[in-house]
Each structure stands twice: as C-alpha cells, then as structure tokens.
Amino acid sequence: MQYKSQKIAQNFYTAAVLLFLVQVIVGIVAALQFMWPDFFFLNFNTVRTLHINALVVWLLMGMMGATYYVVPEESETELWSVPLANLQFWATVFAVGLVIIGYIVMGINPQANMQVFGTNLLNEGREYIEAPRWADVLIVISVLLFLFNCVMTVLKTKKFTAVQGVLLGGLTFLALMYLPGMFYTKSMVMDQYWWWWVVHLWVEGSWELIAAALLAFMLHKLLGTDVKVLAKWMYIEVGLVMFTGILGLGHHYYWIGTPKYWLWVGGIFSSLEPIPLLLMVWDAFRTTRETRAPVSNRLGLYLTVSHAIFNFVGAGLWGVVHTLPQVNKWTHGTQVTTAHGHLAFYGAYVLLVVAMIYVTLPSIRGVKEYNQTRGYLSFWWMTISMIFIVITITGAGMVQTYLERLFGLDYVTVKANYNLWFWIFRAIFGAGFLVGVLILVVDYFKLGKEKA
Amino acid sequence: MSNNAAKNLFIYGSLLCFVVLIILTVDTMGTLKDRAPEITEKVDLGKQVWHKYDCIGCHTIFGNGSYFAPDMTKVTERKPLDYLKKFIMNPRAVKPGTAMPVLGISAEEADNLIAFLVWTSKVDTNGWPPKPILALGGNKKESAGEALFRKNDCAACHQINGMGGTAGPDLTHVGSKRPDINWHMRHLKNPQSVVPDSAMPPFEDLTEDELADLAGYLIEFK
Ligand code: HEM
Ligand code: HEM
Ligand SMILES: [Fe+2]
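First things first, this report covers the structure right here in the doc.

### Some points on the overall build of chain A
Summing up its helical and strand segments, chain A has 15 helices and two strands in all. Computed over C-alpha atoms, the radius of gyration of chain A comes to 22 Å, within 12% of the 22 Å expected from 2.2 N^0.38 for 452 residues, which places it in the range of a compact globule. With the C-alpha coordinates of chain A rotated into their principal frame, the extents come out at 60 × 50 × 45 Å. Expressed as a percentage of the 452 residues in chain A, the buried residues total 65%. In chain A, the share of contacts with a sequence separation of at least 24, taken over all contacts with a separation of at least 6, comes to 81%. A total of about 16,700 Å² of accessible surface is found on chain A, and carbon and sulfur atoms cover 73% of it. Separation of charge centres in chain A, based on 27 positive and 22 negative side chains, amounts to 5 Å.

### Focus on the environment of A211 of chain A
All names here are of chain A. Residue position: A211 is located in helix α6 (residues 188-223). Accessibility expressed as a relative area gives 0% for A211, which makes it buried. Taking the C-alpha atoms as reference, A211 lies 13 Å from L303; in sequence the two are 92 residues apart. If near-sequence neighbours (up to four positions away) are discounted, A211 is found in contact with H307, Y349 and L352.

### A word on the nonpolar core
Counting residues in hydrophobic clusters, the biggest one holds 193 residues, and the most contacted among them are W197, W207 and Y349 of chain A. The residues touching Y349 of chain A, leaving out its near neighbours within four places in the chain, are L59, M63, V203, W207, E208, A211 and A344 of chain A. With 16 residues, the next largest nonpolar core counts I160, M185, Y217 and F221 of chain B among its residues.

### As for the site of ligand 1
Near ligand 1 you find 28 residues, and of these E127, N328, H332, T337 and H340 of chain A are the closest. Nearby residues around ligand 1 are contributed by chains A and B. Contacts to ligand 1 include H332 of chain A, whose side-chain N or O atom sits 2.6 Å from an oxygen atom. At a separation of 2.8 Å, a nitrogen atom of ligand 1 approaches a polar side-chain atom of H340 of chain A. Mapped by element, the contributors of at least two residues to the shell around ligand 1 are α6, α10 (298-320) and α12 (335-364) of chain A. The leading source of residues in the shell around ligand 1 is α12 of chain A, at seven residues. When grouped by side-chain class, the residues that make up the shell around ligand 1 number 11 nonpolar, 13 polar and four charged.

### Some points on empty space enclosed by the protein
Tallied over the full model, the rule gives eight cavities of 30 Å³ or more. Its volume calculated, the largest cavity comes out at about 90 Å³. G125, R126, E127, M188, D191, Q192 and W195 of chain A together with W50, H51, I56, N64 and G65 of chain B are the residues that line the largest cavity. Looking at the lining of the largest cavity, the elements with two or more residues in it are α6 of chain A together with α2 (41-52) and β2 (64-65) of chain B. If one sorts the elements of the lining of the largest cavity by residue count, α6 of chain A sits on top with four residues.

### Considerations on the coordination of the iron ion (ligand 3)
Residues and elements named next belong to chain A. On the protein side, the iron ion (ligand 3) has H200 (ND1), E204 (OE), H251 (NE2) and H252 (NE2) as donor atoms, found 2.1 to 2.2 Å from it. Coordination at the iron ion (ligand 3) is irregular, judged from the four donor atoms that bind it and the angles of 82 to 147 degrees they form at the metal. Binding-site remark: the iron ion (ligand 3) is held by donors from one chain whose sequence spacing is H-x3-E-x46-H-H.

### With respect to the packing of helix α5 (residues 162-176) of chain A against helix α7 (residues 227-248) of chain A
Residue and element names in this part refer to chain A. At a minimum axis separation of 10 Å, α5 and α7 run at an interaxial angle of 20 degrees. Taken as axis vectors, α5 and α7 run roughly parallel relative to one another. Read as a crossing pair, α5 and α7 show a hand that is left-handed. Within the contact between the two elements, α5 uses A162, V163, V166 and F173 and α7 uses A231, M234, Y235, V238 and M242.

### Section: the state of the cysteines
One pass over the structure, following the stated rule, counts zero disulfides over all chains. Here C58 of chain B stays free of any disulfide, with the sulfur of C55 of chain B as its closest cysteine sulfur at 8.6 Å.

### Side note on the side chain of T98 of chain B
Residues and elements named next belong to chain B. Mapping T98 onto the fold places it in the loop between α5 (91-94) and α6 (107-121). Take T98: its relative accessible area is 10%, and that puts it in the buried class. Filtering out sequence-adjacent residues up to four positions away, T98 remains in contact with F87, P91 and R92.

### A closer look at a nonpolar patch on the surface
Residues and elements named next belong to chain A. Together, F94, L98, I101, V105, W134, V137, L138 and I141 make up a nonpolar patch on the protein surface, roughly 700 Å² of accessible area in all. Those elements that provide at least two residues to the nonpolar patch are α3 (82-108) and α4 (133-157). Here I141 shows up in helix α4. In this structure I141 comes out as partly exposed when scored by relative accessible area, which is 43%.

Rules used in this analysis
Residues numbered from 1 in each chain as written. Chains lettered and ligands numbered in written order. Predicted model: local features only at pLDDT ≥ 70, side-chain atom pairs only at ≥ 80, totals over all residues. Heavy atoms only, no water. Helix = DSSP H or I, 4+ residues; strand = E, 2+ residues; numbered from the N terminus. Rg over C-alpha atoms; globule rule 2.2 N^0.38 Å. Buried < 20%, exposed > 50% of the residue type's maximum accessible area, 1.4 Å probe, protein only. Contact = heavy atoms within 4.5 Å. Areas by Shrake-Rupley, 256 points an atom, 1.4 Å probe, with all protein chains shown as cover. Lys, Arg positive; Asp, Glu negative; His and termini not counted. Charge placed at Lys NZ, Arg CZ, Asp CG, Glu CD. Core = buried A, V, L, I, M, F, W, Y, C linked by side-chain atoms within 4.5 Å. Near = heavy atom within 4 Å. Polar contact = N/O pair within 3.5 Å; in protein donor to acceptor, adjacent residues only side chain to side chain. Nonpolar A, V, L, I, M, F, W, Y, C, P; charged D, E, K, R; others polar. 1 Å grid on protein atoms, 1.4 Å probe; cavity = no way out; pocket = protein on both sides within 12 Å on 5 of 7 lines; lining within 4 Å. Points joined across faces, edges and corners; volume = space filled by probe spheres on them. Donors = N, O, S within 2.8 Å, 3.2 Å for Na, K, Ca; no water. Tetrahedral: all angles 85-135°; square planar, octahedral: opposite > 155°, others 65-115°. Axes fitted to C-alpha atoms, helices over the stretch in contact; angles between N-to-C directions. Parallel < 35°, antiparallel > 145°, perpendicular 65-115°, else oblique. Left-handed = near helix turned anticlockwise from the far one by under 90°. Disulfide = S-S within 2.5 Å. Patch = residues over 30% accessible without salt bridge, like charges linked within 9 Å, V, L, I, M, F, W, Y side chains within 5 Å. Salt bridge = Lys/Arg side-chain N within 4 Å of Asp/Glu carboxyl O.

The following block contains the structure:
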C-alpha cells in the first residue's frame, strides 16, 4: 500500500463480509420456510427482505471500499479527507442498523409500518427498495459524500485515468438511478415501470460499469499489463454494456401493462447483453496468458478470472435463456427467475467484491505473501454449493413452468407437492454455502496476521 | 480503434441510448391511461395497503416480486370477492394450515385491497398470464353434474385427482367422506347452513334439479 488513507477500505470490507454472513444465514431461514413457514419468529417476507437488502448493502459497501482503495492509487495521492470517509462509513452503518431494526419491528407488528408524511415509516413494501423514504435520503447523502470525497481526490492531482473515470462514472450513474425509486405513484404499472429503472439499470448498467473498471484495475495490479490496452477493451466492454443494457430494460416491460413494442425492444437488445460479458471473460484470459512474470497473488487472479466467468454464466447465459418474450411469457415470475438471480448476483458481484478484497487486502495489511489455502477452500465451498443451488432451483423452475404454466396445475399444489424435494436440496446446499462463507470470514480476519 | 475513439463511442453511445429510452418512456406514459381502468381513490388506498403489509415480500404482481406465493394480478377473476375478503383478513380460519399468515388486516383495508386487485386484473398485460396450452380439454362426453361443476368453476377452489385449486378441500374422495346427497344439496345452496363460517360461496341460482345433478356427481367420488 502506497497511501495511508487507502486503509479506510478495510472498514468497508469488514462490514461487507459480516453482512454477507448475515445474508446467507437468513437465506437459509428463508429456504427452510418453504417447508415450515412458521418455524421462525419472522414471516417469510421479512426474512426475504433482510436477505436481499443485506446482499445489496454489503455489495455496495464492498464497492465503496474498493473505490476508496483505487482512487488514491490511480490519482497517486492521499484521499482528500479521511475523517469524511470515516464519518460516511459510520453514518452508513448507523442508518443500515436503523433500517434493519425497522424491518424486524414491522415483521413482529405490521401495524407499526404506519404512514408518516405520506410514506411508510419502516418499510416501503417494494422489492429490493424496501428501505423507507427517510433512509433513501440518508443513503443518497452518504453516496454523495462518498463521491464528493473521491472527486476531490482526483482533482488534487488531476490524473483522469480511464479506470477511475469509468469507476466514478458508474458510481454517479448508480446514485442517479436510485432516484426513480423515490416517489409514489398511484398506478401499479407506473410503480413497476420506475422500479425497474432502479433494479435493472443498476445490475445491468451502472454496476457492470463498476465491474469492468475494477476488472481492468485488478488485471493491471496483478499482472502489470499495459494500462492502455486494458483501457481500450474496458471502453469497448462498457460501451456494449450500455448499448445493450439500457434498452434491454424492455425485457421487464413485456407484461406489466406497457405497450407491445417493448416486446421487440426488450427482446432484441437484451439478447445482446451477454456479448460484453463474454468479452470480459476473453479479456481476463488474454491478459493472463500474455503475462510472463510470475504472479505472487495467485488467489487474487484466480478470483478475478472466476468473477469474469461466472458473470457471463450467471447473468449472460442464465439471463438470456428466458429473455425472449416467447420464453418469458411462460417462465416470468417462476423459480427460473430465482435461479438466474442467484447465479448472476453471485458471479457478477459477490465474486467481484471477494476478488477485490483478496487483491487489495494483502497490501492494506502490509504483506507480500499470505497463506492462500483457506481462500481457495472458501471459494470452492461457495462456488460448488452455489452451482448446486442453481441447478436445484432451475429444476424447480422447469417443473413449475411445465406443470403450472403449461399444464394448468395450481400454484400451491406444485409448490407443496412436486417441488418439495427441490426445496429440501436447496436448504442442504445452502448449508454448504454457509461453510464457505464462514471460512471466508475467518480468513478475512486472519489474512496477513499469521506466517505465510 | 484508438482509446479515444472507444471512449467517445462509449460516452456518446450511452447518451444516445438514454435519449431513446426517455422518448420511449414518454410515449409509454401516454398510453397507460388507455390500457387500464381509471384509478379511483379506493384503488389508490388499496395499493397503499398492499405496500403497508409488504405483500410483495411473498407474492408476485404482474409477475414481479417474490416467488413464495401465487401471483395476484388476476386473482379476482377466478375467486369471488367475498371469499377473497375473508381469506385476506384471516387466512388461517378459511384454510387451516395455509402458509399465509394472519397479518391483522381490517375489513376496510381488505375492501380497498380488493378494489386494487380488481383494478390490476383489468390492466392490459399483453396476454399474461397465458392460458395453459397443455391443459386437458373436456372432449369426452360430460354428465350433467360434471358440466355444472365445470360451468360454476368449482375447480377454482377444489381439486379432483390433482387438478384444480387448493382454497377448499380436495374432493377426490368426497363421496366416501360425505355420502349424503341431501347434505350436498343444502351445502351447495348455502354452505353456512351446514358448515358454520364456511368461506365457500353460496350457489343460490342453481335449480333443485341442477343441485341434485351436481350433488349426485360429487358423491360418486369414493
Ligand atoms: C449482473 C447482472 C445481472 C443480475 C445481478 C441480474 C439479476 C436479476 C434478478 C435478481 C432478477 C429478478 C428480479 C426480481 O426479483 O423480480 C432478474 C430478472 C431478470 N433478468 Fe437478470 N440479472 C443480470 C443480468 C441479466 C442479463 C444479462 C439478462 C439477459 C440477457 C437478464 C435477464 C433477466 C430477465 C429476462 C429477468 C426477468 C425474469 C422474469 O421474467 O421473471 N439478466 N435478474
Ligand atoms: C451469495 C449468495 C446469494 C445471493 C447472491 C443471493 C441472492 C438472492 C436474491 C437476489 C434473491 C431475490 C430474488 C429472487 O428471488 O430471485 C434471493 C432470494 C432468496 N434466496 Fe438468496 N442469495 C444467496 C444465497 C442464498 C442461500 C445460501 C440461500 C439458502 C439456501 C438462499 C435462499 C434464498 C431464498 C429462499 C430466496 C427467496 C426466493 C423466492 O422468493 O422464491 N440464498 N437471493
Ligand atoms: Fe434486467
């Protein structure tokens, strides 16, 4: 680590891995509720909300930490203000804590979710953006402080590198795309229309920009590849992400009450979305192959390449199979979607943040060599378990599509009888995933603090 | 391609796509009025109840949301509104053992919710959810009782041999459980007269002959 202020990244990483642990534990609770809906003191909806909110928050914390590491390195100067970064970190932790308490209170007593100034006090009741309006405002302020700090750092030395341009551009886009989720509409159609701007334009727009920038950063740091070459491919990748992803939004506008032309717009553009993701895989392999010098952080490289591969498989392949309206008409809103959601988030963003941690943490902790055994072990526990969860849930989705959508069987019948074994296996593989996360957490705290 | 060209392509290409998206958005917003009924105050209040209780945390609507519970878009098309009201207010009383918890919804909130769900059922969703294309059609000769069972859509709530809804009891062996044809006739005409607090809707319009045909059909399921 060259700059002392990069150490701030560690706070964010710590919060991220701990929330990851929480996310997966409640994920297993949710999985068990498919068999025993009442065994836990919170209903399924609250448990699920905790699962997906913890996911989004820890990924964002991970990305912020990564950015606080990258910007000083790229700008070749200390962060503009470490106290501001610290304040932003603790304010975020505090706000997230309040929101979580709110969810639990509402889970115990739904009446507590009353209306104050026309918005719900504890839970907005919209998937992924359940956080109430007052928390939305705090989140936006936190992200703005964060961006401000980064931009001021860049302005200190005015080194506008490609990586930090795309990284900060992606983060600005991310902040902007939170706004369409922050107002009430009377029409459920309009509600979902704007809701998808947040959800889709995040994961298939701004977050992919961040991923492409961090991919280039990691490849350069690990392999010493020429920045110019990396930057060119990064621009091509993000250009294609935006070209396919922005109008690819149409794949969510087939059946929500919006006009028919979205079937064409969504179908055509979204089926091209895997192309930039494939390009990233190729990019990772090409750079790795071209490098002669020995790589000391082999685990970091391993995770970086795995992120590229599973981004393509989870988002690209598992996304494209149900993106054409002719297919989506039958699979829309089934477990096929759940399978895709899991593999996409895991491959694209969980592995991205985990890779960033392993690429940057050794230098933050001031070590050159570290014991990589546990890191590999954790990766394989998580990855194999996730593959099996996804196979299981894809199976459940195919059975559901066939029996419910094509054959006309009742939803509850299919869930309770035909898919029961899939739920059982998901819970078992979920436990395997938890083993991987536990190893990760232990390794995170020990990395660099014991003999390599 | 030079780095600069790639960078410009990225920036201006993104902006262009975004402009197209905004144009399409404006156009879409203009069409929504014609694709759905008017939103009354009750519908709006119902939507607020929907958010208050986080129904989306278990259900989908327009196919989006959580996959733990059935889609709500067209639920009012097949189930009588009285039944839905009872169910929403106290699912466990209507259907013992159901996975939907009692959330403490008031009668007024339930009415608003139902107005909201009637509204969603009338939105033009480009034909979603699709009709099941592999469902077995009634091509064989039907008895009078069987025809009545189909015409009154008893299968919305009852299952026979694995086909049909699960709101009411499975009728595959109802003939063994309840062999008395008179019980069925009375029950169909007014379920609450034989089963206190029954959530099954009364079929008052059926004639005595039709009741006899339908009840006769039911008791054959041994
Ligand atoms: C990293 C990128 C991606 C992530 C994290 C992701 C995640 C998700 C999630 C979580 C959902 C479910 C949303 C809900 O709960 O309602 C979803 C839906 C969907 N995704 Fe993705 N996705 C990604 C990329 C893609 C790509 C590249 C495609 C297509 C090529 C795609 C196609 C779809 C489709 C068609 C749906 C709608 C499913 C339905 O009709 O129920 N996704 N995605
Ligand atoms: C890194 C790992 C994980 C990620 C990224 C993740 C992500 C998600 C996302 C995005 C959703 C909401 C969208 C959807 O339903 O498709 C979700 C729902 C869910 N997750 Fe996870 N999850 C992970 C791990 C787990 C584990 C280990 C389990 C437990 C076995 C689990 C169980 C569930 C369940 C039961 C749901 C609700 C699905 C439904 O509504 O049908 N998840 N998860
Ligand atoms: Fe999407």
